[in-house]
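Chain by chain, the residues:
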Amino acid sequence: MPWLQVRLAITPDQAEVYEDALLEAGAVSVTFMDAEDQPIFEPDLGTTPLWSNTHLLALFEESTDEAELLGHLSVLTSGALPSYQIERIEDQDWERSWMDNFQPMRFGRRLWIVPSWHAAPDADAVNLLLDPGLAFGTGTHPTTALCLEWLDGQELDGLDVLDFGCGSGILAIASLLLGARRAVGTDIDVQALEASRDNAGRNGIEAERFPVYLPEHLPQQQADILVANILAGPLVALSTQIASQIRSGGKLALSGILAEQAEEVRAAYDKYFELDPTAEKDGWVRISGIRR
Ligand SMILES: C[S@@+](CC[C@H](N)C(=O)[O-])C[C@H]1O[C@@H](n2cnc3c(N)ncnc32)[C@H](O)[C@@H]1O
């Protein structure tokens, strides 16, 4: 059955009012989505935080009259309707209509991230097929992009990689497709581990080449390459562990760090690594280096 989908661009403080108004206007479902692939980390207990730019997607039955619906919403929100889009969508498409915005992207020279439902623009490139599921990591966020560009520039043939905070598995899978022998992923979120396994399968990577673990079960092995796109706080707290999981001469790339946090993170890693100059993209940075 086709549906009428209303998409509203809102800020977190508007969420409750608009969710209530949409339900009252007859929406059969209301979903919140990140408009910019921004991570939300460690919410305070008892809170349900939303992204600073959130999209609210509401589905109405196809027979719903658009003009009547907008009039009703306008009254319910005291005339302050935010910017909106209305479209008619097929039943099988509605959950995934947002994916239209996720297009193939190239990182560095060889690597493309290709949504799993899209044809690869360059069949001869290194194409990573991705369906992020509920986990973070599509390449649209600057922190992921910084790590993918770094990986594309490395000689990874035959190396072992550790992806700390693997999310969708994007960095580990990219490493494997770029020639790594094996990648290990770890994440505190079981949905991320599931998404990583699914995305590995989608790229023809056998489970033995990309085992994933909750941090408490992560084997204490040393990798040749370690990537960690987490956040400055955890990266500083984890610096000793992260350093212990890279062999001498191995390489590290960290991201999830805001430009103003770069010095604090560099200070925590400086004693273990010969650090490269900090790379920056849209206010986020990457810190990389070689294990002493
Ligand atoms: C910004 S996402 C990065 C995902 C993917 N690696 C990427 O680059 O797009 C950070 C991920 O780290 C995970 N995470 C946060 N703290 C962690 C910790 N202490 N140990 C392991 N994973 C952690 C989160 O659950 C999330 O999936």
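The structure displayed is predicted, hence computed values, not measured ones.

Caption draft 1: Spatial organisation of the overall build of the chain. Helices and strands together make up the secondary structure of the chain, namely eight helices and 15 strands. The buried share of the chain, reckoned over its 292 residues, is 38%. Contacts in the chain between residues far apart in sequence, at least 24 positions, make up 65% of those at least 6 positions apart.

Caption draft 2: A look at the sheet that holds strand S7 (residues 126-130). Taken together, the three strands give an open sheet; going across it, the order is S5-S6-S7, and neighbouring strands pair in mixed fashion. Either end of the sheet is taken by a strand with one partner, and the two such strands are strand S5 (105-107) and S7. Each adjacent strand pair in this sheet contributes to an overall mean axis angle of 25°, direction not counted. Packed onto the sheet, helix H3 (residues 142-152) meets S5 and strand S6 (111-115) and runs at close to 55° relative to S5. The strands that helix H4 (residues 170-177) touches are S6 and S7; relative to S7, the one it contacts most, it runs at about 150°.

Caption draft 3: Expanded view of the UniProt feature "binding site: S-adenosyl-L-methionine" (unreviewed entry) in the chain. Summarizing the sequence annotation, UniProt attributes the feature "binding site: S-adenosyl-L-methionine" (unreviewed entry) to Thr144, Gly165, Asp187 and Asn229 in the numbering used throughout. On the secondary structure map, Thr144 appears in helix H3. Its location among the elements puts Asn229 in strand S11 (residues 223-229). Accessibility expressed as a C-beta count within 10 Å gives 28 for Asn229, which makes it buried. Not counting chain neighbours up to four residues away, the residues in contact with Asn229 comprise Thr143, Thr144, Cys147, Gly165, Leu171, Ser255 and Gly256.

Caption draft 4: Broad picture of the confidence of the model for the chain. For the chain, the mean per-residue pLDDT works out to 86, and 87% of the residues sit at or above 70. Confidence drops under a pLDDT of 50 for residues 39-47, and excluding neighbours within four residues, the segment shows five contacts in the predicted structure.

Caption draft 5: Structural view of H4. Where burial is concerned, most of H4 is hidden: eight out of the eight residues are buried. Buried within H4 are the following residues: Ile170, Leu171, Ala172, Ile173, Ala174, Ser175, Leu176 and Leu177. One or two positions beyond H4, positive phi appears at Gly179, with a value near 120°.

Criteria and thresholds
Residues numbered from 1 in each chain as written. Predicted model: local features only at pLDDT ≥ 70, side-chain atom pairs only at ≥ 80, totals over all residues. Helix = DSSP H or I, 4+ residues; strand = E, 2+ residues; numbered from the N terminus. Buried ≥ 20, exposed ≤ 12 C-beta atoms within 10 Å, placed from the backbone. Contact = placed C-beta atoms within 7 Å. Pairing = 2+ DSSP bridges. Axes fitted to C-alpha atoms, helices over the stretch in contact; angles between N-to-C directions. UniProt positions renumbered as here; feature names shortened; annotations may be inferred. pLDDT = per-residue confidence, 0-100.

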